[in-house]
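Notes for the structure review
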Amino acid sequence: MVTFEPPDSYVPSVILATVRVRGEAFDKPAPEVEASFPPEDFTVEPVLTRNIAFDFDEHNLTGRINFGHFPDVAMAQSYSGDYERWVISTFSQLSHPFHIHQGQFVIEKIEYYEDQELTKLRTDIPQNPIINDVPRDIDTFAFPGRTKVYIKLKASDYVGKFVMHCHLLLHEDSGMMVTVKVSPPRADSITAIGAESGKAPTVSLAKSTTGESAGSFKAYDDNYKGGVEAVAGHLVGVKHLGLSNYESHVVTAKKSGKPLIKIFDHTNNNTKLLEFVPFEGKGDGSTVALGDIDGDSVKEIVVGSGKGHKPTVAVYDLVANDDGSFKEKLIFEAPVLDESYKSAGVHVASADVDGDNWDDIVISHGPGAENRVMIMSGQLISMGHKAEETIIIDNKGIIPGDLGLNIAADNLAGGYFQYPPITTVGKNPPAPNPYRAIIAVTPSASTENPIVNLFYYLGGGGHSHGNDAEHAELRDLAEFTPFPGEKSAENGLYLTTALTIVADPNNPLVGLVSSNGVDDQRISYFKLSCDMETKPWAKTEE
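Notes on the structure follow. (Residues numbered from 1 in each chain as written. Predicted model: local features only at pLDDT ≥ 70, side-chain atom pairs only at ≥ 80, totals over all residues. Heavy atoms only, no water.)

Remarks on the overall build of the chain
For the chain, the count of helices and strands is 2 helices and 33 strands. Residues classed as buried in the chain amount to 56% of the 542 residues present. For the chain, contacts bridging at least 24 residues in sequence account for 65% of all contacts bridging at least 6. Within the structure as shown, the chain displays about 23900 Å² of accessible surface, and the carbon and sulfur contribution to it stands at 48%. (Helix = DSSP H or I, 4+ residues; strand = E, 2+ residues; numbered from the N terminus. Buried < 20%, exposed > 50% of the residue type's maximum accessible area, 1.4 Å probe, protein only. Contact = heavy atoms within 4.5 Å. Areas by Shrake-Rupley, 256 points an atom, 1.4 Å probe, with all protein chains shown as cover.)

This is how it looks when you write it as structure tokens:
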């Protein structure tokens with residue numbers, strides 16, 4: 001751990017030990033050491049700046065980040081490979097040894113202040129009283145009290161969720177910790193929307209950061225007009241360990257007819273890599289989602305059966321052959337819901353709903369049966385439990401009626417990881433445990449002023465389920481319409497998600513992308529007021 005040496009007038013010195021050396025002098029010269037140089041990334045200009053607050057509540061003896069306590073504090077969400085500048089203000093008099101998992105940073109400068117509010121800059125202390133003269137990559141640093149420390153860090157090459165925290169146990173255990181979620185690089189992050197029934201089988205792509213169009217392509221033959229479901233993600237992970245080098249894929253499913261899944265390589269002009277037929281070709285179409293079900297940081301393909309087939313979900317890995325081609329590998333298949341949903345078909349989404357770092361399978365269905373949401377634990381699936389033992393939520397009647405539910409799930413309540421803002425109007429983050437995914441549902445049929453409902457999971461999770469799962473529930477978070485005054489398409493709105501900067505360029509957050517056809521897409525996200533803001537999203541490029 002790198003530390004600093006303030007003058008005695010700033011922090012009183014305390015003798016911890018006295019070392020006495022005995023014996024004959026040893027006059028062998030010290031070995032020569034090559035000169036140190038700054039890390040190559042020290043000169044890279046950050047793409048964003050975050051202002052972050054550290055303090056210690058001396059009355060309640062609790063540590064806080066952005067004046068919130070873990071876990072109910074906004075997440076730090078980043079794109080892998082991004083360089084970010086964090087200005088960390090320590091309002092307490094105590095030093096906080098800051099540590100971030102799966103990442104490193106360099107100290108740019110330290111500003112010392114006379115007052116707790118950090119308004120009177122001290123001039124009797126140099127900005128950088130650091131032992132090492134040359135900046136270097138570190139993962140821990142003791143932030144002095146009443147300071148602003150400027151650090152530059154590169155978002156981890158390893159995607160997923162981890163934490164940053166104060167290394168003093170009292171501070172960390174009392175809540176001075178934040179979830180950090182790193183997503184694939186900006187350039188490789190896209191959203192995909194498939195065409196509705198009756199239209200050409202087009203897939204519309206958009207850059208997740210801004211919603212700018214990233215082109216489009218036809219996933220099936222021109223004579224197919226039964227509707228396309230499409231999702232985008234990363235199925236083979238980092239090509240070379242330790243490098244931010246991802247391949248972006250688009251996976252499509254026919255919504256009607258014989259089920260057929262196709263996988264396209266977006267980084268190579270949407271070239272088809274593979275196609276396969278799930279459920280032995282039975283059922284009318286299928287649905288598809290991507291999720292890291294087995295916790296290996298690589299997405300798997302989750303498929304829901306179509307109408308007319310026993311309600312079933314299946315999970316596939318994309319496996320590379322020796323010749324560079326790919327094949328699908330079935331790793332899990334199980335019946336879901338019950339036979340009364342056979343005529344409705346199975347809809348699927350995938351995200352870490354219970355916060356254990358395994359993506360879970362979120363299940364709903366089409367019209368014709370009582371509205372229902374079921375969640376299967378990815379952790380328990382990967383551990384080989386029986387299918388019925390993996391169910392952590394089975395909520396019948398979550399929305400009254402039988403129109404069916406289109407569904408999506410992601411960290412929609414991640415919040416704004418910035419100080420300021422501090423708001424007394426809303427809540428930041430808008431839901432407890434923001435590292436748990438929010439579930440979004442909307443009617444799977446045409447409706448006026450189509451409503452989207454958001455739910456958060458409350459119950460067992462973390463790295464153990466046990467009996468807590470029996471008491472789990474989904475609670476209402478928000479209700480809104482992204483298309484006020486309009487009527488949704490025949491099969492309702494299509495929902496997906498994107499980590500975007502449209503709300504705040506210095507604060508990537510997850511938004512919900514709603515499609516009323518490939519040519520009418522919008523993104524919605526929480527404002528600090530906890531209201532939903534909706535903006536236009538991509539349109540198809542022909």
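Things to note about the environment of Ala320
In this fold, Ala320 is placed in strand E20 (residues 312-320). Separated by 84 residues in the primary sequence, Ala320 and Val236 place their C-alpha atoms 8.5 Å from one another. The residues touching Ala320, leaving out its near neighbours within four places in the chain, are Ser325 and Phe326.

Examining the pairing of strand E33 (residues 532-536)
The pairing of strand E32 (residues 521-526) with E33 spans 5 bridges and is antiparallel. Note on E33: the bridge partner recorded for Tyr525 is Glu533. If you look at the hairpin formed by E32 and E33, you'll find 5 residues sitting between the two strands, and Cys530 has a positive phi there, around 75°. (Pairing = 2+ DSSP bridges.)

Section: the sheet that holds strand E21 (residues 326-335)
Strands pair in a sheet through their backbones, by hydrogen bonds, and they do so in one of two ways: parallel or antiparallel. Spatial strand order, E18-E19-E20-E21: 4 strands in an open sheet with antiparallel pairing. Only two strands of the sheet have a single neighbouring strand rather than two, namely strand E18 (284-291) and E21. On average, each strand axis in the sheet is inclined to that of its neighbour by 25°, with strand direction left out of account. Note that E20 and E21 share 9 bridges and pair antiparallel. (Axes fitted to C-alpha atoms, helices over the stretch in contact; angles between N-to-C directions.)

Description of the pattern of salt bridges
Counted under the stated rule, the structure contains 22 salt bridges. Residues Arg186 and Asp82 are paired through a salt bridge, measuring 2.6 Å at the closest nitrogen-oxygen approach. In this pair, Arg186 is assigned in the loop between strand E10 (177-183) and strand E11 (190-194) and Asp82 in the loop between strand E3 (76-79) and strand E4 (83-90), connecting sequence segments 104 residues apart. Taking relative accessible area as the criterion, Arg186 reaches 23% and is therefore assigned partly exposed. As a salt-bridge pair, Glu275 and Lys272 come within 2.9 Å of each other at their nearest N and O atoms. (Salt bridge = Lys/Arg side-chain N within 4 Å of Asp/Glu carboxyl O.)

Structural notes on the packing of aromatic side chains
According to the stated counting rule, one finds 11 aromatic pairs in the structure shown. Geometrically, the ring pair formed by Phe141 and Phe143 is tilted, given 5.7 Å between the ring centres and 55° between the ring planes. Considered together, Phe141 and Phe143 belong to a single accessibility category, that of buried residues. Seen from their ring centres, Phe276 and Tyr316 are 4.6 Å apart, and the 45° between their planes marks the pair as tilted. One end of the pair, Phe276, is in strand E17 (residues 271-276); the other, Tyr316, is in strand E20, with 40 residues separating them in the sequence. Three or more aromatic residues link up through ring pairs in this structure, and these residues are Phe54, Phe98, Phe105, Phe141 and Phe143. A cation sits over an aromatic face here: Lys109 above Tyr150, 4.6 Å from the ring centre. Sitting over the face of the ring of Tyr224, Lys254 holds its NZ or CZ atom 4.8 Å from the ring centroid. (Phe/Tyr/Trp six-rings, centres within 6.5 Å; stacked < 30°, edge-to-face > 60°. Lys NZ or Arg CZ within 6 Å of the ring centre and 35° of its normal.)

Concerning the sheet that holds strand E29 (residues 473-480)
A sheet is described by the order of its strands in space; here 4 strands give the open sequence E26-E27-E28-E29, paired in antiparallel fashion. A single partner strand is all that each edge strand has here, and the edge strands are strand E26 (405-410) and E29. Each adjacent strand pair in this sheet contributes to an overall mean axis angle of 25°, direction not counted. Across 6 bridges, E26 lies against strand E27 (residues 438-443) in antiparallel orientation. Bridge pairing links Leu405 to Pro443 in E27.

Thoughts on the pairing of strand E28 (residues 452-458)
As a general feature of sheets, a regular strand has side chains that alternate between the two faces. Of all 7 residues in E28, 6 are buried; the element is thus mostly enclosed. Two elements, E27 and E28, share 4 bridges in a ladder whose sense is antiparallel. From the neighbouring strand, Ile439 faces E28, where its bridge partner is Phe455. Bridge count between E28 and E29: 7 bridges; the pairing is antiparallel. Within E29, the residue paired with Val452 across the bridge is Phe480.

What about the side chain of Arg85?
Along the polypeptide, Arg85 turns up in strand E4. You can call Arg85 buried: its relative accessible area is 18%. Setting aside residues up to four positions removed in sequence, Arg85 forms contacts with Glu45, Pro46, Leu48, Thr49, Arg50, Glu108, Tyr150, Ile151 and Lys152.

Looking at the nonpolar core
Of all hydrophobic cores here, the largest spans 28 residues; its most connected members are Phe54, Trp86, Phe98, Phe105, Ile151 and Met164. The leading source of residues in this core is strand E6 (residues 105-112), at 4 residues. If sequence neighbours within four positions are ignored, Phe54 has contacts with Arg64, Ile65, Ile88, Ser89, Thr90, Phe91, Ser92, His96, Phe98, Phe143, Met164 and Met176. Of all hydrophobic cores here, the second largest spans 27 residues; its members include Val231, Leu274, Tyr494 and Val518. (Core = buried A, V, L, I, M, F, W, Y, C linked by side-chain atoms within 4.5 Å.)

Examining unusual backbone geometry
Omega for the bond connecting Phe70 with Pro71 falls within 30 degrees of zero, at 10°, which places this linkage in the cis form. Along the polypeptide, Pro71 turns up in the loop between strand E2 (62-65) and E3. Phi angles above zero are rare outside glycine, and Asn269 is one such case at about 55°. The residue Asn269 is located in the loop between strand E16 (261-265) and E17 in this model.

Some details on the side chain of Ser204
You can see Ser204 is positioned in strand E12 (residues 202-207). Side-chain polar atoms of Ser204 contact the side chain of Gln521, separated by 3.2 Å. (Polar contact = N/O pair within 3.5 Å; in protein donor to acceptor, adjacent residues only side chain to side chain.)

Considering the environment of Leu260
Along the chain, Leu260 falls in the loop between strand E15 (249-254) and E16. Through-space distance from the C-alpha of Leu260 to that of Thr287 is 9.7 Å; in sequence the pair is 27 residues apart.

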